[in-house]
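# A look at the structure
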Number of protein chains: 2
Amino acid sequence: MKANRPSAPTLRDIAEAVGVHTTTVSRALNPRTQNQVGADTVRRVRKAAKDLGYQPNPIALSLRTSRSRTVGLVIPDITNPLFPPIVRGIESALEAGGYSGWIVNTDNDPQRERKLIESLRSRQVEGLIVATARLEHPLLAELHAAGVPLVLVNRRVEGIDVPCVTADDAAGVSAAVAHLAGLGHTRIAHLAGPQTTSTGAARARAFRHAVRDLGLSDEPGLVVECAQWSEEAGASAARSLLDARTDVTAVVAGNDLIALGCYDVFGERGIDCPGDISVVGFNDMPFLDKLRPPLTTVHVPHHDVGVEAARMLLDGIEDPERPARSMLLPVSLVVRGSTAPR
Amino acid sequence: MKANRPSAPTLRDIAEAVGVHTTTVSRALNPRTQNQVGADTVRRVRKAAKDLGYQPNPIALSLRTSRSRTVGLVIPDITNPLFPPIVRGIESALEAGGYSGWIVNTDNDPQRERKLIESLRSRQVEGLIVATARLEHPLLAELHAAGVPLVLVNRRVEGIDVPCVTADDAAGVSAAVAHLAGLGHTRIAHLAGPQTTSTGAARARAFRHAVRDLGLSDEPGLVVECAQWSEEAGASAARSLLDARTDVTAVVAGNDLIALGCYDVFGERGIDCPGDISVVGFNDMPFLDKLRPPLTTVHVPHHDVGVEAARMLLDGIEDPERPARSMLLPVSLVVRGSTAPR
DNA sequence: CATCGTTACGCAATCGATTGCGTTGCCAGC
DNA sequence: GCTGGCAACGCAATCGATTGCGTAACGATG
């Protein structure tokens with residue numbers, strides 16, 4: 001059974017109504033070819049199109065032009081609260097440009113990612129916004145070499161010149177460390193995100209720089225890498241840290257989920273936060289103010305990240321020769337209840 | 001610039017390689033028509049297709065067949081934590097059936113919804129999963145009359161026979177009321193969701209039944225309707241309730257966000273939860289265990305809701321004459337820290 | 001009047017897959 | 001040997017929009 005309306009008007013219907021050929025109808029309705037059709041004919045064609053309720057068939061358009069006015073949004077998992085606001089930002093900018101986005105969830109599985117991207121490309125998506133980049137990412141390199149317009153979100157990739165939109169990780173981590181130092185903390189630990197991601201590496205580097213700049217302890221044992229950007233991995237790393245030492249009074253977590261993992265471990269070990277140990281997260285995902293203690297975190301304007309990524313991609317589709325440029329969005333520290341004076 | 005790979009093999013390439021017509025290639029590759037082609041030819045065609053890395057062009061397929069193997073997912077807003085797990089459930093069931101889903105966010109705006117659905121339909125989506133139903137919903141009635149396969153999620157619509165997948169609202173609210181009664185509460189209020197939605201109405205009705213069945217006070221003032229399913233509307237309704245009376249010792253909130261609104265009002269009025277007033281939410285959205293107090297709520301298996309909705313829709317696409325059937329998924333009460341003995 | 005240039009429009013093909021109908025070849029039965 | 005039926009395959013059209021090239025008409029100029 002056909003799911004589509006049985007009698008959608010086509011160019012042919014308009015052509016019959018006006019008494020011209022379908023070529024003329026097509027040209028009259030297309031702003032780029034409209035100058036090839038007489039003004040009176042354009043007027044009559046447009047009127048007929050409106051009267052008949054004509055809408056171009058995007059499928060036919062795609063088949064003929066190999067374009068679809070759609071792009072692919074490649075994210076790890078829409079249930080991660082970080083992504084819905086980004087997706088909404090992307091969507092609003094795409095919509096303003098007459099585009100739509102296909103969302104695919106890779107679950108951080110490279111094989112699944114490849115399959116999903118193949119599927120997107122067979123649907124003629126005109127570019128990809130990718131939020132799943134690893135520092136070394138062969139598939140992205142292939143796509144880039146093939147001329148597929150790409151924009152990365154939240155992470156960079158090495159070796160290829162792809163535009164990306166990220167938060168200002170260095171400024172955010174620096175502000176977090178400065179805030180804790182201002183509260184009198186001198187032994188501050190960092191639960192870093194995976195060092196295979198640019199974000200994990202950048203925030204860890206910024207952490208080391210910040211503690212050095214402030215003359216605080218920068219011994220290597222104060223940085224523990226988490227296997228994933230998740231609460232569970234954060235908890236695991238927090239346990240490792242606290243098993244190894246008892247002198248830490250504050251933690252800068254790679255992101256909010258990792259910070260939640262700290263909360264879990266504090267709970268199981270009777271550690272008071274922020275009385276015994278202060279915690280700062282990163283990202284300001286929803287509902288952090290509802291936690292107890294409300295989480296101090298680095299606010300990232302996620303919706304704006306999405307908007308800028310989509311604009312950047314549309315620019316790249318419009319002008320493929322355009323030099324790749326990246327964007328750092330400003331962050332801000334949101335002080336809530338998880339940090340206190342030492 | 002074309003975004004697609006420049007040399008994707010077509011049926012024509014296979015036909016040339018094997019020395020048969022493209023019709024034969026098409027039929028050999030299609031399990032439904034394969035019996036019309038000789039076994040040896042099928043073997044040779046399949047080999048050539050594999051060697052050439054042939055993938056059917058979904059755009060061409062859609063244009064010819066008016067089918068797309070895609071469906072539309074119509075939700076209010078992906079940033080509402082309720083929806084990502086539902087979407088993931090939908091996605092996994094669609095994928096198993098060889099389908100993909102287009103997500104559109106209506107922001108609860110009927111005009112936007114109509115425009116987005118038109119757009120989906122012009123892309124030949126084969127059906128719609130709709131999570132935005134109001135009790136009276138002219139657009140859904142039109143779509144149903146036009147034979148568009150539909151499945152509703154979380155809500156019903158009146159007057160048309162459309163299959164839906166909802167949680168067992170009555171059982172959930174009944175369990176919440178019974179739990180509170182078991183703790184000794186006798187004056188229990190209900191902050192109901194909008195009565196223009198089936199969910200709002202069903203939960204309010206179930207509340208009234210439950211308190212009557214348990215011989216508790218059922219005066220009308222104990223039920224306050226929220227204008228939206230949101231934290232802000234929940235807070236507003238909680239203020240109205242507490243302005244009007246001081247004898248309430250427990251609240252059954254229409255959903256978790258409304259319950260968060262209660263938390264907000266308790267905070268601003270120095271009310272202790274659960275010492276002064278207990279609260280039960282509905283849905284068990286993510287991170288409720290991280291709140292202080294951790295929210296007692298009715299757990300809804302969202303992922304399963306999504307899976308069942310997608311299966312139901314695929315069934316309806318496969319067999320349009322299939323009688324509409326609906327599904328109630330079982331819920332369970334999750335007792336955390338927001339409820340205590342009176 | 002003839003010629004040239006420009007504008008407006010139509011023809012036919014294309015995109016890549018599917019599908020109804022017709023043709024050909026082969027085999028079995030009379 | 002002839003006829004009929006069936007299997008395998010090819011032809012041509014279709015889906016709906018775009019696009020290169022050609023043609024016709026008109027106006028301006030010599």
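Predicted model, so just to flag it, every value in this text is computed and none were measured. (Residues numbered from 1 in each chain as written. Chains lettered and ligands numbered in written order. Predicted model: local features only at pLDDT ≥ 70, side-chain atom pairs only at ≥ 80, totals over all residues. Heavy atoms only, no water.)

Turning next to the interface of chain B and chain A. On the chain A side, the residues contacting the 53 residues of chain B number 53 residues. Here chain B and chain A share an interface that buries about 4900 Å² over both sides, 56% of which is from carbon and sulfur atoms. Among the residues chain B hides against chain A, the three largest losses belong to Ile59(B), Arg88(B) and Lys290(B). Together they make up 14% of the total. Counting the contacts that link chain B with chain A gives 14 salt bridges. (Contact = heavy atoms within 4.5 Å. Buried area = accessible area lost by both parts, 1.4 Å probe. Salt bridge = Lys/Arg side-chain N within 4 Å of Asp/Glu carboxyl O.)

Next up on the list: the sheet that holds strand 8 (residues 250–253) of chain B. All names here are of chain B. Pairing is mixed in the open sheet, where six strands are placed in the order 7-6-8-9-10-12. At either end of the open sheet lies a strand with only one pairing partner, and these are strand 7 (223–225) and strand 12 (332–334). Averaged over all pairs of adjacent strands, the angle between their axes in this sheet comes to 20°, without regard to strand direction. Where strand 6 (residues 188–192) meets strand 8, four bridges bridge the pair, whose relative direction is parallel. Across the sheet, residue alanine 189 finds its bridge partner in strand 8, namely valine 251. Along the sheet face, helix 11 (residues 256–269) touches strand 6, strand 8, strand 9 (278–283) and strand 10 (296–299) and points at about 155° away from the line of strand 9. (Pairing = 2+ DSSP bridges. Helix = DSSP H or I, 4+ residues; strand = E, 2+ residues; numbered from the N terminus. Axes fitted to C-alpha atoms, helices over the stretch in contact; angles between N-to-C directions.)

The next thing to look at is the domain arrangement of chain A. When the domains of chain A are assigned, the result is domain 1 (11–56), domain 2 (68–167 + 302–330) and domain 3 (169–301). In this structure, domain 1 of chain A and domain 2 of chain A have C-alpha centres spaced 36 Å apart. (Domains from an automatic or database assignment.)

The next thing to look at is unusual backbone geometry. In this model, Arg292(A) is joined to Pro293(A) through a cis peptide bond whose omega is 0°. Residue position: Pro293(A) is located in the loop between strand 9 (278–283) and strand 10 (296–299). The phi dihedral of Asp284(B) falls on the positive side, at around 55°, and the residue is not glycine. Note that Asp284(B) resides in the loop between strand 9 and strand 10. Judged by its relative accessible area of 15%, Asp284(B) falls in the buried class. (Buried < 20%, exposed > 50% of the residue type's maximum accessible area, 1.4 Å probe, protein only.)

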